[in-house]
Amino acid sequence: MHPEAAAERFGRRTRKRGEVRVRRRLSGLSTFAMSAVPLRVLACGDVEGRLEALFGRVRAIQGKSGRFDMLLCVGNFFGSTSETEWAEYRTGAKKAPIPTYVLGANNQETVHYFPDVSGCELAENITYLGRRGLYSGTSGLQIAYLSGTESQDEPAPAYSFSAKDVTELKTSLLSTPNFKGVDILLTSPWPRDVGTFANSAGEIDTKKCGSKLVSDLAASLKPRYHFAALEKAYYERLPYRNHTVLQETPQHVSRFIALADVGNTSKKKYLYAFSIVPMSLMDPAELVKQPQDVTENPYQKLRKEAQKTKAPVCAEEEPACQFFFDLSKHQGKKRPSSGKESGNSQPKQAKKPPQPTGPCWFCLASPEVEKHLVVSIGTHCYLALAKGGLLPDHVLILPIGHYQSVVDLSSEVVEEVTKYKSALKEFFRSKGKRYVLFERNYRSQHLQLQVIPVPLDHCTTEDIKESFISQAQEQQIELLEIPEHSDITQVAQPGTPYFYVELDTGEKLFHRIRGRFPLHFGREVLASEALLALPQRADWRRCEAERAEEAAQARAFRRDFQPFDFALRA
Ligand SMILES: [Zn+2]
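The rules behind the values
Residues numbered from 1 in each chain as written. Predicted model: local features only at pLDDT ≥ 70, side-chain atom pairs only at ≥ 80, totals over all residues. Heavy atoms only, no water. Buried < 20%, exposed > 50% of the residue type's maximum accessible area, 1.4 Å probe, protein only. Helix = DSSP H or I, 4+ residues; strand = E, 2+ residues; numbered from the N terminus. Pairing = 2+ DSSP bridges. Donors = N, O, S within 2.8 Å, 3.2 Å for Na, K, Ca; no water. Tetrahedral: all angles 85-135°; square planar, octahedral: opposite > 155°, others 65-115°. Core = buried A, V, L, I, M, F, W, Y, C linked by side-chain atoms within 4.5 Å. Axes fitted to C-alpha atoms, helices over the stretch in contact; angles between N-to-C directions. Contact = heavy atoms within 4.5 Å. Phe/Tyr/Trp six-rings, centres within 6.5 Å; stacked < 30°, edge-to-face > 60°. Salt bridge = Lys/Arg side-chain N within 4 Å of Asp/Glu carboxyl O.

A.B. asks: Please give an account of the pairing of strand β16 (residues 381–385) that cites residues and values.
C.D. replies: Every regular strand shows the same layout, with side chains that alternate between the two sheet faces. β16 sits mainly inside the fold: five of its five residues count as buried. Burial along β16 is two-sided: the face carrying Cys381, Leu383 and Leu385 and the face carrying Tyr382 and Ala384 are both buried. Here strand β15 (residues 374–377) runs beside β16; their pairing, made up of three bridges, is antiparallel. The partner of isoleucine 377 across the bridge, within β16, is tyrosine 382.

A.B. asks: Account for the coordination of the zinc ion, with residues named and values stated.
C.D. replies: Binding of the zinc ion to the protein goes through Cys360 (SG), Cys363 (SG), His402 (ND1) and His446 (ND1), at separations of 2.0 to 2.3 Å. Relative to the metal, the four donor atoms surrounding the zinc ion lie at angles of 101 to 115°, and the coordination shape comes out tetrahedral. Between the donor residues of the zinc ion, the gaps in sequence give the motif C-x2-C-x38-H-x43-H. Here cysteine 360 is found in the loop between α8 (300–310) and β15, whereas its partner histidine 446 is found in the loop between β18 (433–441) and β19 (449–455), with 86 residues between them in sequence. Of the two residues, cysteine 360 and histidine 446, neither departs from the other in class, the shared state being buried.

A.B. asks: Describe the nonpolar core, listing the residues and the values that go with them.
C.D. replies: Counting 37 residues, the largest nonpolar core has Val395, Leu424 and Phe557 as its most contacted members. It is helix α9 (residues 411–430) that provides the largest number of residues to this core, a total of eight residues.

A.B. asks: Explain unusual backbone geometry to me, and be specific about the residues and the numbers.
C.D. replies: For the bond running from glutamate 154 to proline 155, omega is 0°, close enough to zero to count as cis. Summarising the element assignment, proline 155 is placed in the loop between β8 (149–150) and β9 (160–161). With a phi angle near 55°, lysine 267 is a residue other than glycine that sits in the positive phi range. Along the chain, lysine 267 turns up in the loop between β13 (255–258) and β14 (271–276).

A.B. asks: Kindly report on the sheet that holds strand β1 (residues 39–44), identifying the contributing residues and their values.
C.D. replies: Overall, mixed pairing links the six strands, which are arranged β4-β5-β3-β2-β1-β14 in an open sheet. Every other strand in the sheet has two partners, leaving β4 (120–123) and β14 as the edge strands with one partner each. With direction set aside, neighbouring strand axes in the sheet form an average angle of 25°. Taken together, the three bridges between strand β3 (residues 100–102) and strand β5 (residues 126–128) define a ladder with parallel strand orientation. Bridging from a neighbouring strand, valine 102 pairs with tyrosine 128 of β5. In the packing of helix α4 (residues 83–90) onto the sheet, the strands contacted are β4 and β5, and the crossing angle to β4 comes to about 110°.

A.B. asks: Which residues make up the packing of aromatic side chains, and what are the values?
C.D. replies: Taken as a whole, this structure holds 29 aromatic pairs when the rule is applied. With a centroid separation of 5.5 Å and an interplanar angle of 80°, the aromatic rings of phenylalanine 499 and phenylalanine 521 are classed as edge-to-face. One end of the pair, phenylalanine 499, is in strand β21 (residues 498–503); the other, phenylalanine 521, is in helix α12 (residues 521–527), with 22 residues separating them in the sequence. Accessibility expressed as a relative area gives 2% for phenylalanine 499, which makes it buried.

A.B. asks: Give me the pattern of salt bridges: which residues, what numbers.
C.D. replies: For the structure on display, the rule yields 32 salt bridges. One salt bridge in this structure joins arginine 50 and aspartate 261, with 3.9 Å as the shortest N-O distance. With arginine 50 in the loop between β1 and α3 (51–65) and aspartate 261 in the loop between β13 and β14, this residue pair connects regions lying 211 residues apart in the sequence. Relative accessible area serves as the criterion here: at 32%, arginine 50 is assigned to the partly exposed category.

As structure tokens, then:
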């Protein structure tokens, strides 16, 4: 019987049954879960024309673990010697065992294999996606692609893309309403700097290899999976976030996977199998779940540069805000002498600083303090060389009274901390150095702001920041960048332990300590090979010097610092 006739015959009953079924589905699992059938996808690195090797492998995998929905090829699909193998597919004598999608040429020799720049079928089951664009299958899966290698020339050669191609691809995708990202991005070159904040890419130097335009594209398109090749290397980067923590709502993470060439003799991975539910069909909460090993975005710097060129920096910006936390709400206002504090923070004593309950090494009035290390004394704060310092000019900013952390300071003390910071910044600049400042409010009774100078020609501020973030990651410490002008009291309540870094640019990194924290972390990062390369000085207990030597170092510091010391002029 004809199906339509059957429906006609059973009329109402059929329709009713259908309705019931739909309603039951909707009342059960969420609408998203209902349609979430994962697609099974294979991705492959440079094929270089070795079709037999590739498809042989695909057949073996499908034979063992079932059918896959598609095969995506990045890098060189054709090689210089592919003609004979290819002829059999082109003529239809052989057929690819899976719908295969490939990117275009990366060199002049293979350009002729791709007759139509807008994409076309090259052989049965083998499709050239095109120069650039978005491929969306009936499944709802969205695959953005960019063929070729980066070119500075305009117009770019047939095997290359230019800045204009990237801009046009970005514009067309980002202009779609509620654009959140794409499921998959396919490029042949690696994105430049993809290894930043990440696990090592082995022999590949991600700061030198790859395309900056591809990084820019990936930063904008936020692919859940990004595949690339051309480097004859396999690299699976730890997933990275696409949002700035504490500033933006969570978004899905991105995974970058570089694949080696088909049939390589060193057995590097060239085929990658995964399943994916199109993001358009996913439960939004499920989509933005952050895996344990997620890292900071490697293209952060790029995104920031882009923002800067969009919105010119306001020249009127208050320099005072460059320091510690945003002090604007305290600035210029003297606290009422009654000691009453407006706002919701705990009342602080204005005249008398808190007193320690036991002996303290850092209260200036206490007999335990090592006076010979003191190099400057202000009204509320003082400077002292660090005992067993990482460097001879490793200095501490300390409140004279017994305050536990920066969050607890009263506004006068904060003001003077700021003055000391700017004096030290200038002082170190005059010596060709930039400072790094950090505080560990954990297992510490008396606030110590560690100030460590790093020679300017040694590394950039960005290098210092990267080292802190990546070495934190290695120890499963989540060190987050917090907005430059944000108030730390919004992030850390008085009494909560934290670790905090401030760079000479005013950039800040923050970690809320929950549980254990390595006590020497800040110092270890600075001592590491990437920065000062003084591993033997990472532990201060092994750096203690004779008292006479300490005193001499303090004298030298005092003498050099004199022109910058506002406390002497007061
Ligand atoms: Zn104290």
